[in-house]
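Geometric and topological summary
Residue-level listing of the chains:
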Amino acid sequence: MKRTKIKFALADATIGEKILIKGWVRTFRNNQFIAINDGSTINNIQAVVDFESTDENVIKNINTGACLSIEGTLVESQGKGQRVEVVADKVEILGVCDPEVYPLQPKKHSLEFLREKAHIRVRTNTFSAVYRVRHAMTFAVHEFFNKKGFVNVHTPIITGSDAEGAGEMFRVTTLDPTQPPLDAAGSVDYKADFFEKETNLTVSGQLEGETAALALSEIYTFGPTFRAENSNTTRHLAEFWMIEPEMAFYDLQDNMDLAQEFLRYLIQYALDNCQEDLAFLNQRLLDEEKNKPQAERSEMSLLEKLQFVLDNDFERVAYTEAIQILRNSKPNKKKKFKYLIDEWGADLQSEHERFLVEKHFKKPVILYNYPKTIKAFYMRANDDDKTVGAMDVLFPGIGEIIGGSQREERLDVLKEKIAAMGIDEKEVWWYLETRSFGTAPHSGFGLGFERMIQFVTGMGNIRDVIPFPRTPGNAEF
RNA sequence: UCCUCAGUAGCUCAGCUGGUUAGAGCAUCUGACUGUUAAUCAGAGGGUCGUUGGUUCGAGUCCAACCUGAGGAGCCA
């Protein structure tokens, strides 16, 4: 007999039908009722065994975590918690699970505990829901861009340019770390290394993405990204996934339009396709909030928050305007901010971003036209000579979820900026050539995929939305 | 990296201003139970109180350093 996935057994199978299900035991009650889950849905199916006619050895091995194969008849349930159930004819233990040592129990575990059992945590409701939502979001990303005619480009993971300025990089080498070859000056001789030069893991596919956009018009990348920053926060990983669209002929406004449309598409897709998982995650958050003091509870539930983003346009605020709002804000006047805003040019701290998003506008905010002094070399200089065409999309609770800009397409301006930032032109010769050979106005942005998953699932810690998180001091599994 | 908080049974946590033998719920084990829903009921086992050092007649409790984790900050997506 062919196996039926539990998702389909619960939804589509007809009463009286003989079916075969396989999955892992969540609980076994009353020597009689097995709750089984195979990950196809958040819901378990209940199998009923007749314990008098079932082998004692089999009954003894129906423990939480064990893997079972059950053949039986789908019937309407006499109990209240479920519509249908399987009356088992044959129960086979595919994999035993010793309850003395199995870490999961039919109870709530802390996320911190489960993080240390990352190989097992996907067997919980919360993590299997997160994994499924993450998959749906991956699919939706490709669907969105595919529908729009964007070309997916695989940019390199090992990169030879270290000029991106997006942070500390992980070195890639095959040299012996204890005895590296040295050059005449006594430093490590990378000419002797595998690529005959210094190489690192990518911190962004943007520069390579731009070269593709200046031929295919609209492209996007979706791949792993690595930052060797010593960041210990709920929203940073050393290895994360980033989506970077890059579009020829888009100005900053077009870029913002696309960012908003894209984020909304993903959220709508989740609401349309992950209803049960989102309902569970929504409830999980509500339960969690019950333990918090009234003041710390959020005004909206997860589902309300997602709907809210769909219903309200993102507020677009120029940096200069944001500074004015902040300067005149209550927390600034009452000196409640740790970093007080007094003059134009200051970088915004997360307390300021949070004020704008969570208190002042109370919706997603796109900040744009930042001072050139605090932004990267490739961002397009505005006519005022003070600002660049940068934009950050800020989400409540997450902070910066997207960072992007219109790119500097004018060769002379770009060369000036590169010189000003102390970058060697030779390092980015190929990037500069794109500005010589038929340059075009273009824009792009980077979306932190895990941060998006955090927002959609309501998970507070980024380490809980990627299967095996890599953070400083942690690369287990 | 900086700041704050935490580390007590397998898990979640209680343990007051230092004072006999360190507690609870859940889990586990044993027994009961054929309509349960994190099943229920009865009983049992389970601890180098993160580590090291110090103060004290006496330390889970006080002090110091270190380790681990969490939250916040910075860096950013």
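Each value, and the rule that gives it
Residues numbered from 1 in each chain as written. Chains lettered and ligands numbered in written order. Predicted model: local features only at pLDDT ≥ 70, side-chain atom pairs only at ≥ 80, totals over all residues. Heavy atoms only, no water. Domains from an automatic or database assignment. Contact = heavy atoms within 4.5 Å. Buried area = accessible area lost by both parts, 1.4 Å probe. Salt bridge = Lys/Arg side-chain N within 4 Å of Asp/Glu carboxyl O. Polar contact = N/O pair within 3.5 Å; in protein donor to acceptor, adjacent residues only side chain to side chain. Nonpolar A, V, L, I, M, F, W, Y, C, P; charged D, E, K, R; others polar. Pairing = 2+ DSSP bridges. Helix = DSSP H or I, 4+ residues; strand = E, 2+ residues; numbered from the N terminus. Axes fitted to C-alpha atoms, helices over the stretch in contact; angles between N-to-C directions. Phe/Tyr/Trp six-rings, centres within 6.5 Å; stacked < 30°, edge-to-face > 60°. Buried < 20%, exposed > 50% of the residue type's maximum accessible area, 1.4 Å probe, protein only. Near = heavy atom within 4 Å. Arc of directions from axis to C-beta.

1. A word on the domain arrangement of chain A
- We note that the domain assignment places domain 1 (6–105) and domain 2 (123–168 + 203–464) within chain A.
- Opposite the 10 residues of domain 1 that make contact, domain 2 presents eight residues.
- Of the roughly 760 Å² buried between domain 1 and domain 2 on both sides combined, carbon and sulfur atoms contribute 45%.
- Broken down residue by residue, the surface that domain 1 buries against domain 2 is led by Arg-26, Ile-42 and Leu-104, which jointly contribute 63%.
- The tally of links from domain 1 across to domain 2 stands at zero salt bridges.
- Linking domain 1 to domain 2 there are six residue pairs in polar contact (both at pLDDT 80 or more).
- A per-class count over the side of domain 1 that touches domain 2 returns four nonpolar, five polar and one charged.

2. A closer look at the sheet that holds strand β11 (residues 239–248)
- Taking strand neighbours across the sheet as the criterion, the eight strands line up as β6-β10-β11-β16-β15-β14-β13-β12 in an open arrangement whose pairing is mixed. Strands with a single pairing partner mark the edges of an open sheet, and in this sheet they are β6 (151–152) and β12 (315–318).
- Bridge analysis of strand β10 (residues 218–226) against β11 gives nine bridges, and the strand direction is antiparallel. When the sheet's bridge partners are listed, Thr-225 is paired in β11 with Phe-240.
- Together, β6, β10 and β11 form the strand contacts of helix α4 (residues 125–147), whose direction differs from that of β10 by roughly 150 degrees.
- The strands touched by helix α9 (residues 319–327) are β12 and β13 (365–371); relative to β12, the strand with the most contacts, the crossing angle is about 90 degrees.

3. Some details on the packing of aromatic side chains
- Going through the model one piece at a time under the given rule, you end up with 20 aromatic pairs.
- Taking the centre distance of 4.9 Å and the plane angle of 65 degrees together, the rings of Phe-222 and Phe-449 count as edge-to-face. You can see Phe-222 sitting in strand β10 and its partner Phe-449 sitting in helix α14 (residues 449–457), a full 227 residues away along the chain. Of the two residues, Phe-222 and Phe-449, neither departs from the other in class, the shared state being buried.
- Residues Trp-430 and Tyr-431 carry aromatic rings whose centres are separated by 6.3 Å and whose planes lie at 80 degrees to one another, so their mutual orientation is edge-to-face.
- Classification of Trp-430 as partly exposed rests on a relative accessible area of 22%.

4. Describing the protein's contact with RNA strand B
- Taken together, 52 residues lie near RNA strand B, and Ser-231, Thr-233, His-236, Ile-401 and Arg-451 sit nearest.
- Counted by atom, the contact set of RNA strand B within 4 Å of the protein is 46% sugar and phosphate.
- Interatomic distance of 3.2 Å between a side-chain N/O atom of Asp-50 and a base oxygen of RNA strand B.
- When contributions to the surface near RNA strand B are tallied by element, the ones reaching two or more residues are β1 (18–29), α3 (111–115), β11, β15 (399–406) and β16 (442–448).
- Take the surface near RNA strand B: its biggest share by element is four residues, from β15.
- In the surface near RNA strand B, the residues fall into 10 nonpolar, 25 polar and 17 charged.

5. Here we look at the pairing of β11
- Burial analysis of β11 places eight of its 10 residues in the buried class, the great majority of the element.
- Bridge count between β11 and β16: five bridges; the pairing is antiparallel. Looking across to β16, one finds that Met-247 is bridged to Ser-443.

6. Digging into the pattern of salt bridges
- Scanning the model with the defined rule gives 21 salt bridges in all.
- Note that Lys-372 and Asp-385 form a salt bridge whose closest N and O atoms lie 3.7 Å from each other. Taken together, the residues Lys-372 in the loop between β13 and β14 (387–395) and Asp-385 in the loop between β13 and β14 connect sequence positions 13 residues apart.
- Salt-bridge contacts for Arg-410 lead to Glu-408; the nearest nitrogen and oxygen are separated by 2.7 Å.
- Exposure remark for Glu-408: the relative accessible area of 0% places this residue in the buried category.

7. Quick notes on α9
- Of all the positions in α9, only Tyr-319, Ala-322, Ile-323, Ile-325 and Leu-326 are classed as buried. Take α9 and look down its axis: the buried residues cluster within an arc of 165 degrees, on one side only.
- Among the structural elements, β12, α10 (330–333), α11 (350–360) and β13 are those in contact with the buried residues of α9.

8. As for unusual backbone geometry
- In this model, Asn-31 sits at a positive phi of 55 degrees, which is unusual for a non-glycine residue.
- Locating Asn-31 in the fold gives a position in the loop between β1 and β2 (33–37).
- The partly exposed category is assigned to Asn-31, whose relative accessible area is 38%.
- Of note, the phi angle at Lys-362 is positive, near 55 degrees, even though the residue is not glycine.
- Relative to the helices and strands, Lys-362 resides in the loop between α11 and β13.

9. Let's talk about the sheet that holds strand β9 (residues 199–201)
- Read from one edge to the other, the open sheet built from three strands follows the order β7-β9-β8, with strand pairing classed as antiparallel. Only two strands of the sheet have a single partner each, and these edge strands are β7 (158–159) and β8 (171–172).
- Where β7 meets β9, two bridges bridge the pair, whose relative direction is antiparallel. Its bridge partner being in β9, Ile-158 is matched across the sheet by Leu-201.

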